[in-house]
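# Coordinates in review
Below are the chains, spelled out letter by letter.
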Number of protein chains: 2
Amino acid sequence: MNTGETRLEHMVDVLKDKGFRLTPQRIAIVEILANSCDHPGVEQIHCEVTKRFSTTSLATVYKTVSLLKELGEVMEIGFGDETNRYDGKNPHPHPHIMCVKCKSITDPDLSSLTALSWELAEETGYQILSHRLDFFGICPKCQKTSEHSH
Amino acid sequence: MNTGETRLEHMVDVLKDKGFRLTPQRIAIVEILANSCDHPGVEQIHCEVTKRFSTTSLATVYKTVSLLKELGEVMEIGFGDETNRYDGKNPHPHPHIMCVKCKSITDPDLSSLTALSWELAEETGYQILSHRLDFFGICPKCQKTSEHSH
DNA sequence: TATTATATGATAATTGTTATTTAATAATAA
DNA sequence: TTATTATTAAATAACAATTATCATATAATA
């Protein structure tokens with residue numbers, strides 16, 4: 001499965017293969033998505049890119065992210081009234097856990113999840129295409145800081 | 001737990017107890033949320049209310065729905081770029097399954113889900129407050145109609 | 001019935017996102 | 001290397017869902 005190429009190289013290859021141009025801004029955005037573990041939002045990505053290419057527009061970030069989304073290379077994590085966040089490391093459906101205080105998002109390992117999909121298909125007759133499993137809570141670090149503030 | 005009062009009565013009582021006024025529009029919105037099984041959106045609720053109170057403003061629907069949400073009496077179901085939908089029958093976290101074609105949302109029964117929360121808390125050290133488990137697929141009815149169209 | 005704080009309705013404002021348009025530029029071939 | 005050309009970027013307008021504002025209306029209470 002992993003032929004030795006990095007996630008960044010893979011994403012760049014996908015763009016190249018489909019005939020999309022490899023502009024510096026685009027590569028920078030791909031790098032950010034491929035390397036960041038913190039599930040950044042558009043605003044955060046834009047903030048990062050402009051450190052290297054100061055004139056980069058928000059619209060460019062939106063377009064690049066949504067292009068990568070269409071190509072199946074990033075997964076969008078939408079939270080109600082919050083802004084969207086993106087996962088470029090693992091673009092396939094997987095559970096997330098978000099801290100409601102510091103807004104950090106991490107990927108827990110949860111077995112016994114694929115079993116759920118089967119159970120569901122059996123029960124409802126649906127053809128399951130995708131799912132979304134997100135937990136909300138308070139991370140260990142924020143639990144500590146709220147103790148201190150008492 | 002259920003003292004014999006209907007869901008509608010309960011929601012009205014909560015409003016009354018907290019000192020919120022029981023205006024006709026508000027009661028109408030609560031009725032719609034308490035009785036509809038199809039997880040309506042704001043637009044759909046507004047459409048229903050105006051059948052009885054024709055001048056009801058969209059803003060009133062938004063405000064009432066968000067009041068009930070804050071009181072924990074309706075649960076918001078947000079889907080990415082789609083508009084929000086609301087569940088007034090069961091305002092506590094529970095799985096949904098949505099048909100990507102007809103946009104219908106139903107509530108499947110899934111056991112072995114609370115176990116997942118425990119597994120997660122153990123693994124991550126998070127204090128779990130809430131969760132969201134949504135499946136996307138094609139419902140039996142839409143599966144049939146797409147066969148016909150071949 | 002009068003009082004008063006709260007809710008409504010109409011609409012303006014805001015926010016996240018998408019579309020548009022002109023200028024810039026990556027890829028290609030001469 | 002340079003010229004060509006279609007694609008991309010930047011700036012900004014447009015958009016849709018939602019929220020805020022404020023004058024008017026009204027539910028609750030005395």
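Worth saying up front: this structure is predicted, and the values here are computed from it rather than measured. (Residues numbered from 1 in each chain as written. Chains lettered and ligands numbered in written order. Predicted model: local features only at pLDDT ≥ 70, side-chain atom pairs only at ≥ 80, totals over all residues. Heavy atoms only, no water.)

### A closer look at the interface of chain A and chain B
On the side of chain B, 38 residues touch chain A, which itself brings 38 residues to the contact. In total, about 3,300 Å² of surface goes out of reach between chain A and chain B, with carbon and sulfur atoms giving 60% of it. For the pair chain A and chain B, the number of links is two salt bridges. Of all elements in the fold, only β3 (96-99), α5 (114-124), β5 (127-138) and α6 (140-148) of chain A reach the threshold of two or more residues within the side of chain A that touches chain B. Examining the composition of the side of chain A that touches chain B, we find that twelve residues originate from one element, β5 of chain A, more than from any other. Tallied by class, residues from the side of chain A that touches chain B come to 19 nonpolar, 14 polar and five charged. Examined bridge by bridge, β5 of chain A and strand β5 (residues 127-138) of chain B share eleven bridges and lie antiparallel to one another. Note on β5 of chain B: the bridge partner recorded for H131 of chain A is F135 of chain B. (Contact = heavy atoms within 4.5 Å. Buried area = accessible area lost by both parts, 1.4 Å probe. Salt bridge = Lys/Arg side-chain N within 4 Å of Asp/Glu carboxyl O. Helix = DSSP H or I, 4+ residues; strand = E, 2+ residues; numbered from the N terminus. Nonpolar A, V, L, I, M, F, W, Y, C, P; charged D, E, K, R; others polar. Pairing = 2+ DSSP bridges.)

### Some details on the domain arrangement of chain A
Residue and element names in this part refer to chain A. Segmenting chain A into domains produces domain 1 (1-91) and domain 2 (93-150). Contact with domain 1, which involves eleven residues of that partner, is made by twelve residues of domain 2. Linking domain 1 to domain 2 there are zero salt bridges. Run the count over domain 1 and domain 2 and you get five residue pairs in polar contact (both at pLDDT 80 or more). Broken down by secondary-structure element, the contributors of at least two residues to the side of domain 1 that touches domain 2 are β1 (75-77) and β2 (85-87). Of the residues in the side of domain 1 that touches domain 2, the class split is five nonpolar, three polar and three charged. (Domains from an automatic or database assignment. Polar contact = N/O pair within 3.5 Å; in protein donor to acceptor, adjacent residues only side chain to side chain.)

### With respect to the sheet that holds strand β4 (residues 105-106) of chain B
Taken together, six strands build an open sheet; the order of strands is β4(A)-β3(A)-β5(A)-β5(B)-β3(B)-β4(B) and the sheet is mixed. Where the open sheet ends on each side, the last strands, each with one partner, are β4 (105-106) of chain A together with β4 of chain B. In this sheet, β4 of chain A lies alongside β3 of chain A in antiparallel orientation, the contact comprising two bridges. Bridge pairing in β4 of chain A places I97 of chain A opposite T106 of chain A.

### Thoughts on the protein's contact with DNA strand C
Of all residues adjacent to DNA strand C, which total 19 residues, the nearest are Y62 and N84 of chain A together with R21, T23 and R26 of chain B. Taking all atoms of DNA strand C within 4 Å of the protein, the share assigned to sugar and phosphate is 62%. At 3.1 Å, a backbone N or O of S57 of chain B approaches a phosphate oxygen of DNA strand C. At the level of secondary structure, the elements contributing two or more residues to the surface near DNA strand C comprise α4 (58-70) of chain A together with α2 (24-35) and α4 (58-70) of chain B. (Near = heavy atom within 4 Å.)

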